[in-house]
There are 4 protein chains.
Amino acid sequence: MSANSSALAAAPASSRLAPPISASLWLNTPAPLALEQLRGRVVVLHAFQMLCPGCVSHGLPQTVEIQRAFDPRTLAVIGLHSVFEHHDVMTPAALRVFVHEYRLTLPIAVDQPSDDHPLPRTMRAYAMHGTPTLVLIDALGRIRAQHFGAVTDLLLGAELGQLLAERNGIGSAELSP
Amino acid sequence: MSANSSALAAAPASSRLAPPISASLWLNTPAPLALEQLRGRVVVLHAFQMLCPGCVSHGLPQTVEIQRAFDPRTLAVIGLHSVFEHHDVMTPAALRVFVHEYRLTLPIAVDQPSDDHPLPRTMRAYAMHGTPTLVLIDALGRIRAQHFGAVTDLLLGAELGQLLAERNGIGSAELSP
Amino acid sequence: MSANSSALAAAPASSRLAPPISASLWLNTPAPLALEQLRGRVVVLHAFQMLCPGCVSHGLPQTVEIQRAFDPRTLAVIGLHSVFEHHDVMTPAALRVFVHEYRLTLPIAVDQPSDDHPLPRTMRAYAMHGTPTLVLIDALGRIRAQHFGAVTDLLLGAELGQLLAERNGIGSAELSP
Amino acid sequence: MSANSSALAAAPASSRLAPPISASLWLNTPAPLALEQLRGRVVVLHAFQMLCPGCVSHGLPQTVEIQRAFDPRTLAVIGLHSVFEHHDVMTPAALRVFVHEYRLTLPIAVDQPSDDHPLPRTMRAYAMHGTPTLVLIDALGRIRAQHFGAVTDLLLGAELGQLLAERNGIGSAELSP
């Protein structure tokens with residue numbers, strides 16, 4: 001996204017559906033979540049690693065602010081712990097401590113390890129380049145943006161606002177839920 | 001706007017058109033601007049005073065970031081110097097120095113003083129409560145939000161994204177210009 | 001000061017006494033201050049201009065934090081409004097509004113204009129290069145450091161701590177007042 | 001330390017020597033360090049846990065800034081990984097990854113676990129209340145300050161400046177090394 005082109009492209013015919021989340025474990029949710037069940041909502045999927053400095057200082061606080069700022073009935077926030085290095089110390093047990101210490105309350109999927117590859121399955125399915133990665137999925141389940149690294153609150157907010165407006169439909173009686 | 005209701009309400013039938021800007025002077029523009037000529041664009045109107053601490057530390061930097069982040073063909077940013085106190089020292093000459101020292105490049109209107117009232121004319125027409133105030137005007141020229149004081153980049157971005165999406169129309173071939 | 005040489009040099013024989021403050025006006029003090037009467041205290045002299053962005057965003061907040069953090073019986077903080085450009089709009093009347101709006105409570109001298117030079121007198125006497133400039137004066141009235149532009153809180157604190165320790169004398173019964 | 005009493009008390013007769021560091025492991029140093037061998041230098045000992053949010057966001061960055069700002073010949077900085085909870089996931093192996101990811105280069109001692117107590121040995125010897133804790137040790141090896149939680153750069157700098165000045169002795173030819 002260039003500095004002066006902040007709007008998302010319209011979903012082209014080639015927009016692909018967001019691949020399913022392959023999780024070996026879920027935290028902060030009574031039951032596993034599936035993207036299909038979130039159709040009708042905008043979904044923010046935030047891939048992180050608990051020992052990734054950029055995730056801890058920037059990505060996760062931003063994701064928590066999204067969780068706080070938007071109505072969960074229209075926008076769902078999901079964390080994805082996508083460990084692709086140092087697997088032996090970023091274990092589910094370590095993640096539980098991290099989640100407790102950082103008081104995270106969003107649902108978090110532990111990305112399922114691949115049998116034959118250091119990158120876990122969901123990370124591969126989305127072709128992520130590392131962490132933090134923020135994926136924006138529209139109400140029809142399509143990937144509309146995927147940011148690797150930092151994105152400003154202002155531009156991220158604009159993208160979410162656009163997806164929320166699309167969700168509600170222009171001309172409807174109510175843009176807000 | 002509550003913490004969990006970040007979307008703008010749909011423009012109701014009662015939405016009023018943004019009043020015209022009454023300016024005694026314009027800076028950073030070869031000719032005065034009129035809101036009418038900006039129809040088709042989202043307009044961010046930022047009212048400030050050069051000696052208002054919240055304007056200098058928060059409001060103006062945020063407005064400058066909006067100016068930088070969005071395409072001027074779809075979103076116009078206008079400053080409004082609405083002096084309602086200490087008129088003798090926040091003069092146009094002082095404002096020119098301020099604009100120079102802070103390297104501001106956005107068009108700025110000097111809000112026209114009222115004949116019989118300390119509040120200047122545009123400020124009164126918009127019923128502003130003070131500075132900084134941020135007014136969001138949609139592509140049809142209607143006031144859709146008016147924030148007095150600080151608003152987060154995330155929520156402001158979401159509102160701008162919604163107005164930009166409305167502007168482009170849902171279902172059009174292109175959401176972005 | 002290099003990154004790894006944060007201590008002040010010992011006051012050499014050639015240390016010069018801080019020149020007197022030439023003020024045309026004082027704010028926030030019942031009577032003019034003279035450096036001579038502050039002997040025995042460390043003095044922080046902060047030269048600023050009310051329309052200088054670096055002064056407003058960084059220099060003055062840091063000076064206010066010094067004022068808050070240290071005991072005024074051992075460390076005195078003085079502001080110096082050294083206008084060297086745009087004299088017509090950074091008048092004493094404008095400064096009074098600025099001081100009021102920013103809730104500044106430190107004593108502030110208005111640097112006396114020179115008869116024949118754009119730089120005011122105190123600024124010239126100290127050979128300052130611009131604003132913000134922070135001058136550290138020891139308890140014996142000698143200039144020990146003069147910073148033009150930004151200096152980190154950590155290094156500034158270390159310099160103040162050194163001057164305060166010198167003031168109290170090593171080996172005295174009490175380092176703190 | 002009250003807001004207006006920023007200087008350290010003179011070292012009273014009762015000042016106690018800093019207890020030795022009990023380490024089960026050292027990182028970022030070719031050989032274990034002992035406080036005795038650092039006599040003549042001011043020592044900053046920073047106790048942290050790798051999954052303690054306040055340590056990661058505030059304490060460690062501040063300690064790294066101290067490491068960068070001061071001359072290591074006069075001021076030594078040591079990290080102390082004092083795990084007192086979640087021992088199973090904040091292991092030395094996990095710490096190594098953390099140190100690598102955060103690019104920490106200061107010497108770090110892994111605080112030796114107690115046989116019969118959740119608090120590790122050095123933490124107990126210093127009677128620390130938690131993490132982050134910052135201990136300032138003077139050039140004679142005495143504890144002069146111990147901060148639990150956040151301390152501002154300005155006040156911390158002042159304390160370090162005082163200890164550095166004491167180290168050099170008032171009246172010596174050179175305050176800086």
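Reading the values: rules and limits
- Residues numbered from 1 in each chain as written.
- Chains lettered and ligands numbered in written order.
- Predicted model: local features only at pLDDT ≥ 70, side-chain atom pairs only at ≥ 80, totals over all residues.
- Heavy atoms only, no water.
- Salt bridge = Lys/Arg side-chain N within 4 Å of Asp/Glu carboxyl O.
- Buried < 20%, exposed > 50% of the residue type's maximum accessible area, 1.4 Å probe, protein only.
- Pairing = 2+ DSSP bridges.
- Helix = DSSP H or I, 4+ residues; strand = E, 2+ residues; numbered from the N terminus.
- Axes fitted to C-alpha atoms, helices over the stretch in contact; angles between N-to-C directions.
- Contact = heavy atoms within 4.5 Å.
- Expected span 1.5 Å × (residues − 1).
- Phe/Tyr/Trp six-rings, centres within 6.5 Å; stacked < 30°, edge-to-face > 60°.
- pLDDT = per-residue confidence, 0-100.
- Lys, Arg positive; Asp, Glu negative; His and termini not counted.
- Disulfide = S-S within 2.5 Å.
- Right-handed = clockwise from strand over helix to strand, strands pointing away.
- Parallel < 35°, antiparallel > 145°, perpendicular 65-115°, else oblique.
- Left-handed = near helix turned anticlockwise from the far one by under 90°.
- Nonpolar A, V, L, I, M, F, W, Y, C, P; charged D, E, K, R; others polar.

Digging into the pattern of salt bridges
When the charged atoms of two side chains with opposite charge come close together, those side chains can pair. A full pass over the atoms with the stated rule returns 24 salt bridges over all chains. A salt bridge links D71 of chain C to R73 of chain C; the nearest nitrogen and oxygen atoms lie 2.6 Å apart. Taking the shortest distance from any N to any O, the salt bridge between R142 of chain D and D138 of chain D comes out at 2.9 Å. In this pair, the class of R142 of chain D matches that of D138 of chain D, namely buried.

Things to note about the sheet that holds strand β6 (residues 143–148) of chain D
Residues and elements named next belong to chain D. If you walk across this open sheet you meet the six strands as β1-β4-β3-β2-β5-β6, and the pairing is mixed. In this open sheet, the two edge strands, each paired with only one partner strand, are β1 (23–27) and β6. Averaged over neighbouring strand pairs, the angle between their axes works out to 20 degrees when direction is ignored. Pairing of strand β2 (residues 42–48) with strand β3 (residues 75–81) involves seven bridges; the strand directions are parallel. Each residue of the ladder has a partner; that of V43, found in β3, is A76. Contacts from helix α1 (residues 53–69) reach β2, β3 and β5 (133–137), with the element oriented near 160 degrees to β2. Along the sheet, helix α4 (residues 153–168) makes contact with β2, β3, β5 and β6, crossing β5 at roughly 20 degrees.

Notes on the environment of P107 of chain C
Residue and element names in this part refer to chain C. For P107, the position within the fold is in the loop between α2 (92–101) and β4 (108–111). Taking the relative accessible area as the measure of exposure, P107 reaches 18% and is therefore buried. In the structure, P107 is positioned 30 residues away from V77 in sequence and 7.4 Å away in space, judged by C-alpha atoms. Each residue touching P107, except ones within four places of it in the same chain, is listed here: W26, L27, N28, T29, L33, V77, I78 and G79.

Focus on helix α4 (residues 153–168) of chain A
Along an α-helix, residues three or four positions apart point the same way, because every turn accommodates 3.6 residues. Its 16 residues give α4 of chain A an end-to-end C-alpha distance of 22 Å, which sits within 8% of 22 Å, the value for a rise of 1.5 Å per residue. α4 of chain A sits mainly inside the fold: 14 of its 16 residues count as buried.

Notes on the sheet that holds strand β2 (residues 42–48) of chain C
All names here are of chain C. Here we have six strands laid out as an open sheet, ordered β1-β4-β3-β2-β5-β6, and mixed in their pairing. Each edge of the sheet is formed by a strand with only one pairing partner; in this case those strands are β1 (23–27) and β6 (143–148). Averaged over all adjacent pairs, the angle separating strand axes in this sheet is 20 degrees, with direction ignored. Along the sheet face, helix α1 (residues 53–69) touches β2, β3 (75–81) and β5 (133–137) and points at about 160 degrees away from the line of β2. Here helix α4 (residues 153–168) sits on the sheet and contacts β2, β3, β5 and β6; the angle it forms with β5, its principal contact strand, is near 20 degrees.

Let's talk about the packing of aromatic side chains
Tallied over the entire structure, the rule returns eight aromatic pairs over all chains. Each residue in the set F48, F98 and Y102 of chain A is aromatic and connected to the rest through ring pairs, giving one cluster.

Digging into the confidence of the model for chain A
Residue and element names in this part refer to chain A. Chain-level pLDDT for chain A is 91 on average; 89% of the residues reach the 70-or-more range. Contacts from residues 1–5, a stretch scored under 50 in pLDDT, to residues over four places away or in other chains number 14 contacts. In this model residues 170–177 is a low-confidence stretch, pLDDT under 50, and it forms 25 contacts with partners more than four residues away in sequence or in other chains. This complex was scored by the predictor with a pTM of 0.91 and an ipTM of 0.89.

Focus: the side chain of E101 of chain C
Note on placement: E101 of chain C falls in helix α2. R103 of chain C provides the closest opposite charge to the buried, unpaired E101 of chain C, separated from it by 4.6 Å. When sequence neighbours within four positions are dropped, the list of residues in contact with E101 of chain C reads L51, P53, E85 and H86 of chain B.

Considerations on the state of the cysteines
Residues and elements named next belong to chain A. Throughout the structure, instances matching the rule amount to four disulfides over all chains. Disulfide partner of C52: C55, at an S-S distance of 2.4 Å. When the S-S torsion is 80 degrees, as for the bridge of C52 with C55, the disulfide is right-handed. On the basis of relative accessibility, which here comes to 8%, the residue C52 falls in the buried class. Overall, the relative accessible area of 0% leaves C55 in the buried class.

Overview of unusual backbone geometry
Residue P132 of chain B is reached from T131 of chain B by a cis peptide bond, and omega for that bond is 0 degrees. Here P132 of chain B is to be found in the loop between α3 (121–125) and β5 (133–137). Positioned with a positive phi, A127 of chain A is a non-glycine residue whose angle comes to about 55 degrees. Although it is not a glycine, N28 of chain C sits at a positive phi angle of roughly 60 degrees. Residue position: N28 of chain C is located in the loop between β1 and β2. You can call N28 of chain C partly exposed: its relative accessible area is 36%.

Quick word on the environment of C52 of chain B
Take C52 of chain B: it is sitting in the loop between β2 (42–48) and α1 (53–69). Taking the C-alpha atoms as reference points, C52 of chain B and V83 of chain B, 31 residues apart in sequence, are found 9.8 Å from one another. Setting aside residues up to four positions removed in sequence, C52 of chain B forms contacts with T131 and P132 of chain B together with Y102 of chain C.

Structural notes on the pairing of strand β4 (residues 108–111) of chain B
Residues and elements named next belong to chain B. Residues of β4 alternate between two faces, with I108 and V110 on one and A109 and D111 on the opposite face, all of them buried. As paired elements, strand β1 (residues 23–27) and β4 share four bridges and run antiparallel to each other. Looking across to β4, one finds that A23 is bridged to D111. Handedness of the crossover joining strand β3 (residues 75–81) and β4 through helix α2 (residues 92–101): right-handed.

Thoughts on the packing of α1 of chain C against α4 of chain C
All names here are of chain C. Between α1 and α4, the shortest axis-to-axis distance is 12 Å and the interhelical angle comes to 40 degrees. Relative to α4, α1 is oriented oblique. Where α1 crosses over α4, the two elements pack in a sense that is right-handed. The segment α1 lies against α4, with Q62, E65 and I66 engaging D153, L156 and L160. Within the contact of α1 with α4, the residues separate by chemical class into three nonpolar, one polar and two charged.

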